[in-house]
Amino acid sequence: MAVTTSFHLNFTNPLNNITTTTTPLSSSFLSWKISLPSSFTFSSPHRKPKSFITVSLMNSKPTILVAEKLGEAGIDLLKSFANVDCSYNLSPEELCTKISLCDALIVRSGTKVTREVFEFSGGRLKVVGRAGVGIDNVDVSAATEHGCLVINAPTANTIAAAEHGIALLTAMSRKWQRNKYVGVSLVGKTLAVMGFGKVGSEVARRAKGLGMHVIAHDPYASADRAQAIGVELVTFDEALSSADFISMHMPLTPATSQMFNDDTFSKMKKGVRIVNVARGGVIDEEALLRALDSGIVAQAALDVFIEEPPPNDSKLVQHESLTLTPHLGASTTEAQEGVAVEIAEAVVGALKGELAATAVNAPMVPAEVLSALAPYVALTEKLGRLAVQLVAGSSGVKSVKVTYASARAPDDLDTRLLRATVTKGLIEPISSVFVNLVNADFIAKQRGLKITEELILLDGSPENPLEFIQVHIANVESKFASAIADSGDIKIDGRVKDGKPYLTKVGSFPVDVSLEGSLILCRQVDQPGIIGKVGRILAEENVNVSFMSVGRTAPGKQAVMTIGVDEEPSGVALKKIGGIPAIEEFVLLKL
Ligand SMILES: NC(=O)c1ccc[n+]([C@@H]2O[C@H](COP(=O)([O-])OP(=O)(O)OC[C@H]3O[C@@H](n4cnc5c(N)ncnc54)[C@H](O)[C@@H]3O)[C@@H](O)[C@H]2O)c1
Ligand SMILES: O=C(O)[C@H](O)COP(=O)(O)O
């Protein structure tokens with residue numbers, strides 16, 4: 001393939017396995033012959049990375065960028081499904097350059113997946129997999145806004161992190177210079193576990209085995225779970241004031257950022273010892289340095305830092321009462337193989353369109369619910385598409401109600417997926433945004449579109465998840481007045497029959513048409529011969545009619561004819577249909 005351009009270009013090789021042969025024709029007019037498996041990027045050195053040009057070639061396999069070292073078993077699994085580009089130690093600019101060529105990105109804690117990364121991806125990046133627990137290095141809001149799923153691997157490194165917490169606890173209790181320092185014993189001492197989640201509770205379990213008295217603070221933890229392992233849940237201040245050792249195990253969030261600061265250190269017992277294998281950012285490091293200098297904190301053992309690796313000249317790092325490791329909590333063979341497989345399976349599943357059990361920014365919908373709802377997913381999207389195409393006037397779509405009629409109890413009906421697909425159907429035909437389960441609520445909110453849901457509980461056996469679904473757009477005009485129901489709003493109903501989506505009502509008119517291809521809706525005065533006339537016009541235009549259905553209020557009164565067509569009729573054909581005297585209005589709707 002040859003590429004010719006009229007300005008200076010600097011070829012970047014974003015996929016490791018690309019081979020290139022470049023043949024400059026002149027300094028300002030370059031052309032290359034490139035042989036490559038899937039796609040490439042080139043850029044001007046004089047422009048910002050935004051001016052990078054990406055060329056994608058036809059390649060059915062997705063591309064997964066693995067930006068940090070991942071266990072072999074995970075890589076093998078990824079390779080069986082996708083092109084895998086293992087490029088470690090990328091600069092932020094290099095990551096932004098590559099990302100528009102990637103469908104998925106896998107990182108550990110060392111890569112910052114910023115808003116810019118999602119912007120540069122140009123919509124191609126569908127999944128970010130975090131091979132570990134903490135997702136504080138991923139801008140999850142930006143991911144959601146761009147419809148990109150974020151998944152983590154939350155369980156496989158729990159034990160490794162807990163073991164490392166205990167290792168730091170015991171290591172800190174002795175010091176090298178035996179003539180100068182004496183260590184402390186753990187038995188009988190009080191350990192406060194701050195954050196009683198997966199790692200925190202495993203640390204608590206192990207510390208009890210060392211004979212420690214363990215208390216925990218976690219505003220969201222269950223007292224029963226704590227009680228089951230002999231741990232008392234206490235308030236934050238109680239934990240601070242009574243602990244000889246404090247071990248941090250909460251996530252880094254805006255609420256936990258620097259929650260250990262001058263104020264909180266001042267509430268601790270003098271001579272307390274601190275362990276942090278959670279995230280550096282939960283501690284104000286300058287305040288910790290002051291607390292170490294003043295002796296409030298006798299010793300600290302840190303695996304994690306605000307900046308990683310911490311600067312060599314950091315006074316905290318050089319402090320003689322500090323024990324430190326370079327974020328090794330998850331670095332065991334077992335944990336790394338575990339997270340690699342866990343994340344590889346989740347990313348491959350997500351790229352295949354399956355919902356991930358460990359999704360961070362999308363509702364988790366169990367596989368069996370998903371398969372039961374699959375035909376309704378198609379129905380809701382199509383109802384959304386049809387409803388929005390019926391809108392006319394200038395008032396704008398602001399409020400949409402989705403009504404689900406079901407014999408199932410509300411707790412047995414998970415409608416989040418259906419709400420997302422109605423939103424997709426409503427928004428995609430009228431905008432350039434891509435809507436999915438991840439960003440549907442965000443996009444709706446951003447557009448000022450309020451989606452409400454109502455469940456009509458039906459009698460009878462709940463064999464089908466839903467009997468019918470209605471999409472109702474309030475306070476708008478319609479380009480097909482018959483779609484306006486008695487309430488004055490656009491209303492269309494649909495149902496699933498034999499696993500396929502059907503339109504069953506338009507406004508107040510019953511219809512019965514399979515939702516495929518395109519639809520022509522006509523309102524006419526009910527009289528013989530109309531169906532034949534419309535059919536003839538379409539036949540003359542070589543448009544294949546897949547079905548026809550007529551719903552009427554009463555014989556001889558108003559009727560709505562629904563015609564399914566495989567090909568889109570020309571403007572001339574539509575004009576001829578509109579010219580049939582009995583036809584009062586008609587509209588073409590694309591599915
Ligand atoms: N050093 C490492 O290599 C390493 C390895 C694994 C996990 N981690 C980190 O350890 C932390 C815990 O991981 P996990 O798998 O146990 O997560 P988890 O979600 O299972 O547990 C976190 C707990 O913190 C609690 N919490 C939230 N806000 C809190 C607050 N303000 N005060 C007290 N508790 C609060 C939550 O309720 C939850 O129970 C995370 O920050 C994770 O990134 C580090
Ligand atoms: O949050 C985590 O899972 C740990 O901090 C491990 O991070 P790592 O994958 O960068 O070692």
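Quick caveat, the model's predicted, so the values are computed rather than measured. (Residues numbered from 1 in each chain as written. Chains lettered and ligands numbered in written order. Predicted model: local features only at pLDDT ≥ 70, side-chain atom pairs only at ≥ 80, totals over all residues. Heavy atoms only, no water.)

Undergrad: Which residues make up the confidence of the model for the chain, and what are the values?
TA: Reading predicted coordinates in detail is not appropriate for stretches of low pLDDT. Scored by pLDDT, the chain comes out at a mean of 87, with 89% of its residues at no less than 70. Across residues 1-58, confidence stays below pLDDT 50; counting only partners more than four residues off in sequence or on other chains, it has 118 contacts. The ipTM for the predicted assembly is 0.99, set against a pTM of 0.75. (pLDDT = per-residue confidence, 0-100. Contact = heavy atoms within 4.5 Å.)

Undergrad: Give me the packing of aromatic side chains: which residues, what numbers.
TA: Applying the stated rule across the entire model yields one aromatic pair. Plain terms: the ring middles of F236 and F260 are 5.9 Å apart, the flat faces sit at 50° to each other, and that makes the pair tilted. Of the two residues, F236 sits in helix α8 (residues 236-242) while F260 sits in the loop between β15 (245-248) and α9 (262-266), which places them 24 residues apart along the sequence. The same class applies to F236 and to F260, which are both buried. (Phe/Tyr/Trp six-rings, centres within 6.5 Å; stacked < 30°, edge-to-face > 60°. Helix = DSSP H or I, 4+ residues; strand = E, 2+ residues; numbered from the N terminus. Buried < 20%, exposed > 50% of the residue type's maximum accessible area, 1.4 Å probe, protein only.)

Undergrad: Kindly report on the sheet that holds β15, identifying the contributing residues and their values.
TA: Across the sheet, which stays open at both edges, the seven strands sit in the order β14-β13-β12-β15-β16-β17-β18 with parallel pairing between neighbours. With one partner strand each, in any of the chains shown, β14 (232-233) and β18 (322-324) form the two edges of the open sheet. As paired strands, strand β13 (residues 213-217) and β14 are joined by two bridges and run parallel to one another. Bridge pairing links A216 to L233 in β14. Sheet strands in contact with helix α6 (residues 198-209) are β12 (190-194), β13 and β15, and its direction is about 170° off that of β12. Contacts from helix α10 (residues 285-294) reach β17 (297-302) and β18, with the element oriented near 140° to β17. (Pairing = 2+ DSSP bridges. Axes fitted to C-alpha atoms, helices over the stretch in contact; angles between N-to-C directions.)

Undergrad: Can you break down the pairing of strand β11 (residues 149-152) residue by residue, with the values?
TA: Across the two faces of β11 the burial is the same, with L149 and I151 and V150 and N152 all buried. Of the strand pairs in this sheet, strand β10 (residues 127-130) and β11 are connected by four bridges, and their pairing is parallel. The partner of V128 across the bridge, within β11, is V150. Read from β10 through helix α4 (residues 140-145) to β11, the crossover connection turns out right-handed. (Right-handed = clockwise from strand over helix to strand, strands pointing away.)

Undergrad: Quick rundown of the site of ligand 2? Include the residues and the values.
TA: Lining the immediate environment of ligand 2, one finds R108, S109, R130, A131, G132, V133, G134, N157, R279, H327 and A330. Contact between ligand 2 and S109: an oxygen atom at 2.4 Å from a side-chain N or O atom of the residue. Here an oxygen atom of ligand 2 and a side-chain polar atom of R279 are 2.7 Å apart. For ligand 2, whose free accessible area comes to 310 Å², the fraction covered by protein is 90%. Among the residues making up the shell around ligand 2, the classes are represented as three nonpolar, five polar and three charged. (Near = heavy atom within 4 Å. Polar contact = N/O pair within 3.5 Å; in protein donor to acceptor, adjacent residues only side chain to side chain. Areas by Shrake-Rupley, 256 points an atom, 1.4 Å probe, with all protein chains shown as cover. Nonpolar A, V, L, I, M, F, W, Y, C, P; charged D, E, K, R; others polar.)

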